[in-house]
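Chain residues, written in single-letter form:
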Amino acid sequence: MEPPERYGRETAGFETAEKIILRWDSTVSEEAREKMIFEGDRCEVYRYLQAVDEIQRSISSTTISDDEQTKVNSAIQIAMARLEDEFRNILLVHIHAIDIDSLLADLGSSSCSRTASGRESSDFLEEDHLEQEETPTSTAAAAAVRDDGGSRSGSGDMLKHMESSTSAVSSYRSTSSIREIDLIPEETIEDLRSIAERMIAAGYLRECIQVYGSVRKSAVDLNFKRLNVEKLSIGDIQRLEWDALETKIRRWIRAAKVCVRILFASEKRLCEQIFDGVGTAIDDACFMETVKGPAIQLFNFAEAISISRRSPEKLFKILDLHDALVELLPDIEVVFDSKSSDSIRVQAAEILSRLAEAARGILSEFENAVLREPSRVPVPGGTIHPLTRYVMNYISLISDYKQTLIELIMSKPSTGSRYSSDPSTPDMDFSELEGKTPLALHLIWIIVILQFNLEGKSKHYKDTSLEHLFMMNNVHYIVQKVKGSPELREMIGDDYLRKMTGKFRQAATSYQRATWVKVLYCLRDEGLHVSGGFSSGVSKSALRERFKSFNAMFEEVHRTQATWLIPDSQLREELRISISEKLIPAYRSFLGRFRSHIESGKHPENYIKYSVEDLETSVLDFFEGYPVSQHLRRRSQ
């Protein structure tokens, strides 16, 4: 038993402490309800904390009576209620919205923008509906893609989980992508720590964690609103129109970087500043109480995208999300490095895996959509089909994501021959493409099935010449798109590029044969001579018929083909030159040999309608895509 004098000293200390505690009992004191201890005189703060410490010491004393123990327990309950209010008030006073714009600018250097120009991949899409028919991807040719693009660099591999909490903290402090900010002033943190130590020592750990978590979660929610991170369920997200969703994806990528690298990282640091060393893993418990809900809300958006219905137009935003997560995953591993936050790390890794699977699936479905694109109405004038524009610009954008897709495509098409008994599917000999990456093989295969589909569409033209012109235009466009993208050209390779170049040149040759062989046939000598000398053996009637046939054929070709269109000016000029090189010399020679026979007869103007210069001028009208009415006006001038 303690000596009486010792007992007296403890009692005196307790009684003084009890008076201080009771004076700040807000249930009985108006002054205590209106004022906060930690907002007033610092000496009063010190006296109150000392009183709480004295009460704490009295609890463990073995020298006080049962009645005194009851008073001690009552005093500690009053003190803890007061400290809980003070703790909450300090935290509430320091809820501030952070400067989002400056933080986004700070993170800008590590942004995973998809293009060198800074434009999003969706900015390259525009409507270009096919005439009277729907396209495959609702679709794959329902939008034509603009003829521009950019380049990008790939993202690194995701890191493994940290081996221990010690190494995680060390890495956390040195991770260059994380930007911790001071959420609460240092002197205020000391007050919070002082309160937390006493609440936890008195057995009020749960209350302390709950108060801290609820208030700091409000701070996180406030900044979520400023970052436009909405509280949407997975179902809500999947019901959104794609245009609206694209905008939200862009916002989410920016917001996710701020949340993980700044908000969550700073909340973790704040928990460590207040609770580290106070008790085992208390700082982690408070951190998870604060950010678990917001983190799940944040990642639910990406999860909803990863499991949403697949369609080709979603590929690039899915890849944007995938790359953003790849870039963020090392920081997620660091910020959520404890066992209690394992669910957050697992969710992020699973979303990443599903996004990768979605991208692979979309590529496969895109191939099928290109192959099965159903439009049958020929495009006017044999110009470039919207499907060709869409597919080639889609492929160009795919090449911008080269590194990511190479990592995602784990299996490649057969390196042998792909022959099919199904006439609706093209054959492809991949043995000629040894050494190509799986992504390159995918892109070449898409080009193969695009050309196969275009060949089917060309058969809907009634004019054989236009059929060949259509194929020339479209294959030339494919070649130019490949040449215009260094990334795409490298993957496709010059050998296959030369093969496609030969294909469109062959189409040009076939066009000329289909059109001009019959016209030039009128300018032959055979059938014009009768027996006898050369000069006197020309049948004028046969010659007149020959001139009439030539005039009629040329006029028909001119009338028709001036309305056809070759959109590429260089290709248009090359074909005109090629036509002129065959037509003009042949006509000049024929006219030179037989003009006199016609002019010596009646009405020569009925047979010789064109001078050489007239033909040269007329050839310049070809392939301009003139409407028929406009073309007729031009010829009448």
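Note that the coordinates shown come from a computational prediction; the quantities given were computed from them, not determined experimentally.

Enquirer: Where do I start with the overall build of the protein chain in this structure?
Expert: Helix and strand counts for the protein chain come out as 23 helices and four strands. A buried classification covers 51% of the 637 residues belonging to the protein chain. Put simply, the protein chain shows about 29,600 Å² of open surface, and 49% of that area lies on carbon and sulfur atoms.

Enquirer: Where do I start with the pattern of salt bridges in this structure?
Expert: A side chain of one charge can pair with a side chain of the opposite charge if their charged atoms are brought near each other. Throughout the structure, instances matching the rule amount to 41 salt bridges. One salt bridge connects R239 with D236, and the closest N-O pair in it is separated by 2.8 Å. A residue is classified by how much of its surface remains accessible, and D236, at 31% relative accessible area, is partly exposed. With a shortest N-O distance of 3.7 Å, K609 and E555 are connected by a salt bridge. Within this pair, whereas K609 is found in the loop between α21 (569–599) and α22 (612–619), its partner E555 is found in helix α20 (residues 540–561), the two being separated by 54 residues in sequence. Overall, E555 belongs to the partly exposed group, its relative accessible area being 31%. Taken together, the salt bridges that share partners define one network made up of R572, E573, R576 and E624.

Enquirer: I'm lost on unusual backbone geometry in this one. Help?
Expert: Note: most peptide bonds trans; most residues except glycine with negative phi. You will see that N228, though not glycine, has its phi angle at about 65°, which is positive. With respect to the helices and strands, N228 occurs in the loop between α8 (205–226) and α9 (234–238). Backbone geometry at H603 places phi at a positive 45°, although glycine is not the residue there. Inspection of the secondary structure assignment puts H603 in the loop between α21 and α22.

Enquirer: Would you mind going over the packing of helix α19 (residues 494–521) against α21 with me for this structure?
Expert: Pairs of packed helices are described in terms of their axes, by the angle between the two and the distance that separates them. Contact geometry for α19 and α21: axes closest at 11 Å, N-to-C directions at 30°. Relative to α21, α19 is oriented roughly parallel. Considering only the axes of α19 and α21, their crossing is right-handed. Counting all contacts with α19, which are made through F504, R505, A508, Y511, Q512, W516, V519 and L520, the residues of α21 involved are L571, E574, L575, S578, I579, K582, L583 and A586. Class assignment of the residues belonging to the contact of α19 with α21 gives a composition of 11 nonpolar, two polar and three charged.

Enquirer: I'm lost on the packing of helix α13 (residues 342–372) against helix α14 (residues 386–400) in this one. Help?
Expert: Where α13 contacts α14, the axes come no closer than 12 Å and their chain directions differ by 160°. One element, α13, and the other, α14, form an angle in the roughly antiparallel class. Between α13 and α14 lies a crossing of left-handed hand. Residues I362, L363, F366 and V370 of α13 pack against L387, Y390, V391, Y394 and I398 of α14. The residue inventory of the contact of α13 with α14, partitioned by class, reads nine nonpolar, no polar and no charged.

Enquirer: Teacher, can you tell me more about helix α11 (residues 282–306) here?
Expert: Given 3.6 residues per helical turn, the α-helix brings residues three or four places apart onto the same face. Under the 1.5 Å per step criterion, the end-to-end length of α11 is 34 Å for 25 residues, consistent within 8% with the ideal 36 Å. The element α11 is extensively covered by neighbouring structure, given that 19 of its 25 residues are classed as buried.

Enquirer: Teacher, can you tell me more about the packing of aromatic side chains here?
Expert: Each aromatic ring pair is characterised by the separation of its centres together with the angle its planes make. According to the stated counting rule, one finds 23 aromatic pairs in the structure shown. With a centroid separation of 6.2 Å and 45° between ring planes, the pair formed by W516 and F554 is classed as tilted. Within this pair, whereas W516 is found in helix α19, its partner F554 is found in helix α20, the two being separated by 38 residues in sequence. Judged by its relative accessible area of 4%, W516 is buried.

Enquirer: Would you explain the confidence of the model for the protein chain in this entry?
Expert: Interpreting fine coordinate detail is not advised for predicted regions of low pLDDT. Taken residue by residue, the protein chain gives an average pLDDT of 82. The fraction at 70 or more is 81%. In the predicted structure, residues 631–637 sits below a pLDDT of 50 and forms nine contacts with residues beyond four places in sequence or in another chain.

Enquirer: Is there a simple way to explain the environment of A32 in this structure?
Expert: Relative to the helices and strands, A32 is located in helix α2 (residues 30–34). Each C-alpha atom, one on A32 and one on R82, is 9.3 Å from the other, the two residues being 50 residues apart in sequence. Beyond its immediate sequence surroundings of up to four residues, A32 is in contact with R23, W24, D25, S26 and R82.

Rules and cut-offs
- Sequence order as written defines residue numbering, which begins from 1 separately in each chain.
- In keeping with the model being predicted, local features are shown solely for residues with a pLDDT of at least 70 and side-chain atom pairs are shown and tallied solely at 80 or more, while totals for entire chains, interfaces and linings include all residues.
- Side-chain metrics in this entry use all non-hydrogen atoms of the structure; hydrogen atoms and water are not considered.
- Numbering of helices and strands runs from the N terminus; a helix is a DSSP stretch of H or I covering at least four residues, while a strand is a stretch of E covering at least two.
- For the exposure calls, accessible area comes from a 1.4 Å probe over protein chains only, and a residue counts as buried if that area is under 20% of its type's maximum, exposed if over 50%, partly exposed in between.
- Note on areas: Shrake-Rupley, 1.4 Å probe, and residue coverage restricted to the protein chains presented here.
- Any Lys or Arg side-chain nitrogen found within 4 Å of a carboxyl oxygen on Asp or Glu counts as a salt bridge.
- Orientation is described by axes fitted as lines to C-alpha atoms, over the contacting stretch for helices, and by angles from 0 to 180 degrees between their N-to-C directions.
- We call two directions roughly parallel when the angle between them is under 35 degrees, roughly antiparallel when it is over 145, roughly perpendicular when it lies between 65 and 115, and oblique otherwise.
- Should the near helix be turned counterclockwise from the far one by less than a right angle, the crossing is left-handed, whereas a clockwise turn marks it as right-handed.
- The contact criterion used throughout is that any non-hydrogen atoms of two residues lie within 4.5 Å.
- Each residue is assigned to one of three groups, with Ala, Val, Leu, Ile, Met, Phe, Trp, Tyr, Cys and Pro labelled nonpolar, Asp, Glu, Lys and Arg labelled charged, and all others, Gly among them, labelled polar.
- Expected helix span is given by 1.5 Å per residue-to-residue step, counting one fewer step than there are residues.
- The rule is short: rings of Phe, Tyr and Trp, with Trp giving its six-membered ring, pair when the centres are within 6.5 Å, and they are stacked under 30 degrees, edge-to-face over 60, tilted in between.
- How sure the predictor is of each residue is captured by pLDDT, a score from 0 to 100.

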